[in-house]
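Structural overview
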Amino acid sequence: MASIVDAFQEAFSEDFAYLKIVLYSIPVNFVVDLYMKGKMQQFEFWGFIVGMFLLGLLTAGINNVRMNKKEILTFNPLHYLKALGKTIVVVVPHLFIFYNLGRIIIKAVKIPIDLPWIPITFQVIVWSIIFSIIFTSYLSFAKYLKMKEGFNYKVISECCIDVLIAFAFFVPQLAIANLVLLIPVAYLFFFFKLPFTHWGFIAYCCMVLIVNISMLSNYLAQCAYEHIKGNNEEYDENCQIDMIVSADDMYQGKP
């Protein structure tokens, strides 16, 4: 079962974890600084670019976990560019098609019950289903970076509700993990009467965001393995190979 505790621990235990967190937080810090200075046009431009950068990082991370690699956040530029490029090809058409489909459904369906909360409830249901389809197609693709899996609607339709429920349970867990990371540091700044707009606190929050990307990659990879039906043999084979290699290393006395 997917575990936020495992995701939290592994975010800090992978090779060069702290170096990756610091380096990947730099562009995020740059965008936040633009926002703090009120440079909204630059913020929107660079914010979009950094958002795409983080999406590629997330996709590569999901794939790394599914392939049982020893890293989550990648240091491999070729692997990252491959993940980002394929993500754009898979996600953009889904966003365009299903966003417009959702709008059409909401406008076309007329609910005869004259209660103010009924239309809102209907919209929440429609957009939740739309989100679950897009999100499941993304996870189905990200596990092996196979684009055709992102368009396998038979599998997606069978699993999208389970994925949505798993993600809904993950959100409060992620919030608690962030409180664990933020509250002690926030208290220190409050104790020393430093504003939360201080560059040090902002830089720390940017690093926490990168930790979130790592945790999200780990959890979503577990979630995809458990809930998205399909061929998991590639993962199982990699896992078995790594176990054999590790056992051989132990037999030979290697650390």
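To keep things clear, this report deals only with the structure shown in the data block. (Residues numbered from 1 in each chain as written. Predicted model: local features only at pLDDT ≥ 70, side-chain atom pairs only at ≥ 80, totals over all residues. Heavy atoms only, no water.)

1. Overview of the overall build of the protein
- Assigned secondary structure in the protein consists of eight helices and zero strands.
- In the protein, buried positions account for 38% of the 255 residues.
- Within the protein, contacts between residues separated by at least 24 positions form 75% of all contacts whose residues are at least 6 apart in sequence.
- In the structure as shown, the protein presents an accessible area of about 15100 Å², 71% of it carried by carbon and sulfur atoms. (Helix = DSSP H or I, 4+ residues; strand = E, 2+ residues; numbered from the N terminus. Buried < 20%, exposed > 50% of the residue type's maximum accessible area, 1.4 Å probe, protein only. Contact = heavy atoms within 4.5 Å. Areas by Shrake-Rupley, 256 points an atom, 1.4 Å probe, with all protein chains shown as cover.)

2. Some thoughts on the environment of N218
- Its location among the elements puts N218 in helix α7 (residues 199–227).
- The class of N218 is buried, set by a relative accessible area of 2%.
- The spacing of N218 and N64 is 154 residues in sequence and 8.9 Å in space, taken between C-alpha atoms.
- In terms of polar contacts, N218 uses its side chain to reach the side chain of E10, at 2.6 Å. (Polar contact = N/O pair within 3.5 Å; in protein donor to acceptor, adjacent residues only side chain to side chain.)

3. Here we look at the nonpolar core
- In terms of nonpolar packing, the biggest core is built from 47 residues, with I62, Y138, L139, I210 and M215 touching the most fellow members.
- Residues within four places of I62 in sequence aside, it is in contact with Y138, L139, A142, K143, S217, L220 and A221.
- I130, I133, I156 and C160 belong to the second-largest nonpolar core, a separate cluster that totals seven residues. (Core = buried A, V, L, I, M, F, W, Y, C linked by side-chain atoms within 4.5 Å.)

4. Comments concerning the packing of helix α3 (residues 40–66) against helix α4 (residues 77–108)
- Following both chains from N to C, one finds α3 and α4 inclined at 110°, their axes separated by 8 Å at the closest point. On the basis of their axis angle, the class for α3 and α4 is roughly perpendicular. On the side of α3, the interface is formed by M52, F53, L55, G56, L57, T59, A60, N63 and N64, while α4 contributes H79, Y80, A83, L84, T87 and I88.
- Along the lines of polarity and charge, the residues of the contact of α3 with α4 split into nine nonpolar, six polar and no charged. (Axes fitted to C-alpha atoms, helices over the stretch in contact; angles between N-to-C directions. Parallel < 35°, antiparallel > 145°, perpendicular 65-115°, else oblique. Nonpolar A, V, L, I, M, F, W, Y, C, P; charged D, E, K, R; others polar.)

5. Points about helix α2 (residues 17–36)
- Compared with an ideal rise of 1.5 Å per residue, which puts 20 residues at 28 Å, α2 spans 28 Å between its outermost C-alpha atoms and is within 8% of the ideal.
- Along α2, the helix axis deviates most sharply at I26, where the bend reaches about 35°; the proline P27 sits within four residues downstream.
- Buried residues of α2: A17, K20, I21, Y24, S25, V28, V31 and L34, and no others.
- On its buried face, α2 is in contact with α1 (4–13), α3 and α7.
- G38, located one to two residues past α2, shows a positive phi value of around 75°. (Expected span 1.5 Å × (residues − 1). Bend = angle between axes of the 7 residues up to and from the residue.)

6. Looking at the pattern of salt bridges
- Under the counting rule described, the total for this entry stands at four salt bridges.
- The closest approach of N and O atoms between E14 and K20, which form a salt bridge, is 3.0 Å. With respect to class, E14 is no different from K20; both count as buried.
- A salt bridge links K154 to E158; the nearest nitrogen and oxygen atoms lie 3.0 Å apart. Residue K154 and its partner E158 are located together in helix α6 (residues 153–191), separated by four residues, close to a single helical turn.
- Since its relative accessible area comes to 38%, E158 is described here as partly exposed.
- Counted as one network, the salt bridges with shared partners bring together E14, K20 and E71. (Salt bridge = Lys/Arg side-chain N within 4 Å of Asp/Glu carboxyl O.)

7. Describing the packing of aromatic side chains
- Within this structure, the stated rule accounts for 21 aromatic pairs.
- Here F30 and W46 contribute two aromatic rings whose centre-to-centre distance is 5.8 Å and whose plane-to-plane angle is 80°, an arrangement assigned as edge-to-face. Placement of the pair is F30 in helix α2 and W46 in helix α3, with a sequence separation of 16 residues.
- Taking relative accessible area as the criterion, F30 reaches 39% and is therefore assigned partly exposed.
- The ring of F75 carries K20 above its face, with NZ or CZ at 5.3 Å from the centroid. (Phe/Tyr/Trp six-rings, centres within 6.5 Å; stacked < 30°, edge-to-face > 60°. Lys NZ or Arg CZ within 6 Å of the ring centre and 35° of its normal.)

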